[in-house]
Amino acid sequence: MTMLTRRHFGALLAGASFAVAAPSVLRAQNGPRLVVIGGGFGGASAARYARMAYPDVAVTLIEPYTSFVTCPYGNLILGGKRELSQITHSYDGLRARGVDVVHEWASEIDPVAKTVALADGASVAYDKLILSPGIGIRWGELEGYDEAASEIFPHAWMGGDGSQISNLRRQIENLPEGGVVGLAIPGNPFRCPPGPYERISMIAHYLKQHNPTAKILAFDSKEGFSKQGLFQDGWAELYGDMIEWIPANLDGTIVRVDPAEKVFESEFGERHRVDVGNVIPPQFAAAIARDAGLANETGWVPVDPATFAAAAAPDIHVIGDANIAPPMPKSGYVANTTSKVAVAAAIADLRGEPAPENPVYFNTCYSHVGADYGISVAGVYRLDADGKIIETPDSGGISPRGPLADHAHQRAREAVYADGWYESITRDMFS
Amino acid sequence: MSFSNFARSGALAAILLATPFAAPAFAQSAPAPLIAQGCAGCHGQAGEGIVGASPPIAGYGRDAMIASFSAFAANERPGTIMNRIARGYTDAEIAALADYFSSLR
């Protein structure tokens, strides 16, 4: 585009003494309409990037909550290292960039008419839709786990209004001396693969200081997990025998929960009584994506790996945890980096131009294992000759393993870099 | 929707017109190129870094950045995470990153 727009922009600047932000805000009224559903790591990044890169595009962000509570760093609330206010972000920065932020639930998408119906009855038309709705919980798939049960056994796996993570923190603070915290961890795929294990670590970090005879029983539907060796090294070094991880092959799969009795029941009928239960339930794409017919039989949304256009609706680009994009993890960083390619591809398509060539996607996930103890996994992703996403060969991977004594500097630096990542990426979403 | 949109944008424009020098310059600052967006998550959209955590990379000399990437990739320069990341980019991509970040102040 940029020739025409830049010329106009320059002319406006030259002839006007008013603020430089004004022309783009005004011009966007008549430009293409980009609507973004979901104001999280994918959607907020997309809206912000679109305003920066394409000042002539009118951007509407539909997000029901008036502020955003991040899932990343939620575990640090459990560890007593952060407060809820420190992981809660305002949409005012996006408004100041000219994003029309609409705080309402998107109730339905009509991919043919290209409209989004809102819960208040309004309808928003789009030329391109960026859909970043996050996950939905498969209520009831784990028997006994419904919304009422999640008040007793919080999932704390969606930011929402922050009440879930606050609930879990309160329960851990009130754990009887020497009590048992149980976690039920789902099979793949799910949001934030290392998240449950960082959570175990941060709960242990808190208990070690305040309730050192307490126990953590982590029941897992899998036999292995992200950064497993690094986590288990850290647990042994920092928390002794406080943490017991029970994999699927040792009857770790929880198939039924009884909130009234505070019981997790395993596949082979073992009933484990817990004082505090954190159920990280089975997931799929959020309802708005499934109801629009975008998901396949897995419950997640197949997309074009080069543009993130939904297989079922080419003018809807689906980013973030809701889509199917292996081998990339369902992470905030992936949602952030892919959001920009999705926006660029969407705008290029509207202009009849080709999508960005040879896109590169990027991920780094830091996890806090203890005080001054961070670990990471990094990945640089691209498309192979067949257009499939691959991790760039011989790159990426996890922090080096080995005794803490040999790696104290690395672990301490990665804890600091994790904080830097959080600060920086939330700026890239909301500032 | 369209009315409230118009009204809200009109209000914003009026505010901006009323306060010419207070408005941020973001509308004219293009974002980093797509290849550099992976860097932005830690080092900032303009490579500004985070004090005490992520080092700034804006204004990094072009040749120095290319040399730094190859030293990281070959494990000739100690690093915590950049070694793993540097190996993920092609020479052409690294040159594009160096062009961009060296162009920033």
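Residues numbered from 1 in each chain as written. Chains lettered and ligands numbered in written order. Predicted model: local features only at pLDDT ≥ 70, side-chain atom pairs only at ≥ 80, totals over all residues. Heavy atoms only, no water.

## Some thoughts on the confidence of the model for chain B
- Per-residue pLDDT for chain B has a mean of 79; in total, 73% of the residues score no lower than 70.
- Across residues 1-28 of chain B, where pLDDT falls below 50, the model places 35 contacts with residues more than four positions away in sequence or in other chains. (pLDDT = per-residue confidence, 0-100. Contact = heavy atoms within 4.5 Å.)

## Quick word on the pattern of salt bridges
- As enumerated under the stated definition, the model contains 25 salt bridges over all chains in all.
- R84 of chain B serves as the salt-bridge partner of E414 of chain A, at 3.5 Å between the closest nitrogen and oxygen. Residue E414 of chain A is located in helix α12 (residues 404-430), and its partner R84 of chain B is located in helix α4 (residues 82-86); the two belong to separate chains.
- The class of E414 of chain A is buried, set by a relative accessible area of 0%.
- For R84 of chain B, a relative accessible area of 5% corresponds to the buried category.
- A salt bridge links D99 of chain B to R62 of chain B; its shortest N-O distance comes to 2.4 Å. Within this pair, whereas D99 of chain B is found in helix α5 (residues 91-103), its partner R62 of chain B is found in helix α3 (residues 62-73), the two being separated by 37 residues in sequence.
- By relative accessible area, R62 of chain B is classed as partly exposed at 35%.
- A network of salt bridges, in which partner residues are shared, links K114, K128, D315 and D349 of chain A. (Salt bridge = Lys/Arg side-chain N within 4 Å of Asp/Glu carboxyl O. Helix = DSSP H or I, 4+ residues; strand = E, 2+ residues; numbered from the N terminus. Buried < 20%, exposed > 50% of the residue type's maximum accessible area, 1.4 Å probe, protein only.)

## Some words on the sheet that holds strand β7 (residues 115-118) of chain A
Residue and element names in this part refer to chain A.
- Taken together, 3 strands build an open sheet; the order of strands is β6-β7-β8 and the sheet is antiparallel. Each edge of the open sheet is held by one strand with a lone partner, namely β6 (106-110) and β8 (123-125). Between one strand and the next, the sheet's axes are offset by a mean angle of 20 degrees, whatever the strand orientation.
- In this structure, β6 lies alongside β7, joined through 4 bridges in antiparallel fashion. Bridging across to β7, E108 finds its partner in A117. (Pairing = 2+ DSSP bridges. Axes fitted to C-alpha atoms, helices over the stretch in contact; angles between N-to-C directions.)

## A short note on the packing of aromatic side chains
All names here are of chain A.
- If you walk through the whole model with that rule in mind, you get 21 aromatic pairs over all chains.
- Relative to F362, the ring of Y333 has its centre 5.2 Å away and its plane inclined at 70 degrees; by these criteria the two rings are edge-to-face. Highlighted residues: Y333 in helix α11 (residues 332-350) and F362 in strand β23 (residues 361-370), separated in sequence by 29 residues. Of the two residues, Y333 and F362, both sit in the buried class.
- Here a set of aromatic residues connected by ring pairs shows up, and it is made of F41, F68, Y73, Y91, Y333, F362, W421, Y422 and F430.
- Across from the ring centre of F284, 3.5 Å away, lies the NZ or CZ of R290, which sits over that ring.
- A cation over a ring is seen here: K330 above W300, with NZ or CZ 4.0 Å from the ring centre. (Phe/Tyr/Trp six-rings, centres within 6.5 Å; stacked < 30°, edge-to-face > 60°. Lys NZ or Arg CZ within 6 Å of the ring centre and 35° of its normal.)

## Considerations on the sheet that holds strand β20 (residues 309-310) of chain A
Residues and elements named next belong to chain A.
- Spatial strand order, β5-β2-β1-β9-β21-β20: 6 strands in an open sheet with mixed pairing. Looking along the sheet, the strands with just one partner apiece sit at the ends: β5 (100-102) and β20.
- Relative to strand β2 (residues 58-62), helix α3 (residues 43-53) is tilted by about 165 degrees, and along the sheet it contacts β1 (33-37), β2 and β9 (128-131).
- Strands in contact with α11 are β1, β9 and β21 (313-318); relative to β9, the strand with the most contacts, it is inclined by about 165 degrees.

## Concerning the packing of α3 of chain B against α5 of chain B
Residues and elements named next belong to chain B.
- Viewed as axis vectors pointing N to C, α3 and α5 meet at an angle of 140 degrees, and their least axial separation amounts to 8 Å. One way to sum up the angle between α3 and α5 is to call them oblique. For the element pair α3 and α5, the recorded crossing hand is right-handed. In this structure, α3 uses R62, M65, I66 and F69 to contact α5, whose residues at the interface are I94, A95, L97, A98, D99, F101 and S102.
- Split by residue class, the contact of α3 with α5 holds 8 nonpolar, 1 polar and 2 charged. (Parallel < 35°, antiparallel > 145°, perpendicular 65-115°, else oblique. Left-handed = near helix turned anticlockwise from the far one by under 90°. Nonpolar A, V, L, I, M, F, W, Y, C, P; charged D, E, K, R; others polar.)

## Quick notes on the domain arrangement of chain A
Residues and elements named next belong to chain A.
- Split into domains, chain A comes out as domain 1 (2-136 + 285-357) and domain 2 (139-281 + 365-426).
- On a C-alpha basis, the centres of domain 1 and domain 2 stand 29 Å from each other.
- Each partner contributes to the roughly 3300 Å² buried at the junction of domain 1 and domain 2, and carbon and sulfur atoms together form 68% of this total.
- When the buried surface of domain 1 facing domain 2 is broken down by residue, Y73, N75 and L78 rank first, second and third, together holding 21% of it. (Domains from an automatic or database assignment. Buried area = accessible area lost by both parts, 1.4 Å probe.)

## Concerning the pairing of strand β12 (residues 215-220) of chain A
All names here are of chain A.
- Of all 6 residues in β12, 5 are buried, a share of seventy percent or more.
- Two strands pair when backbone bridges link them, and strand β11 (residues 180-185) and β12 are joined in this way by 6 bridges, in the parallel orientation. Counterpart to V180 in the pairing with β12 is K215.
- Handedness of the β11-helix α8 (residues 195-210)-β12 crossover: right-handed.
- With 4 bridges connecting them, β12 and strand β13 (residues 243-246) associate as parallel partners. By the bridge assignment, A218 is partnered in β13 with W245.
- Read as a crossover between parallel neighbours, the route from β12 over helix α9 (residues 228-239) to β13 is right-handed. (Right-handed = clockwise from strand over helix to strand, strands pointing away.)

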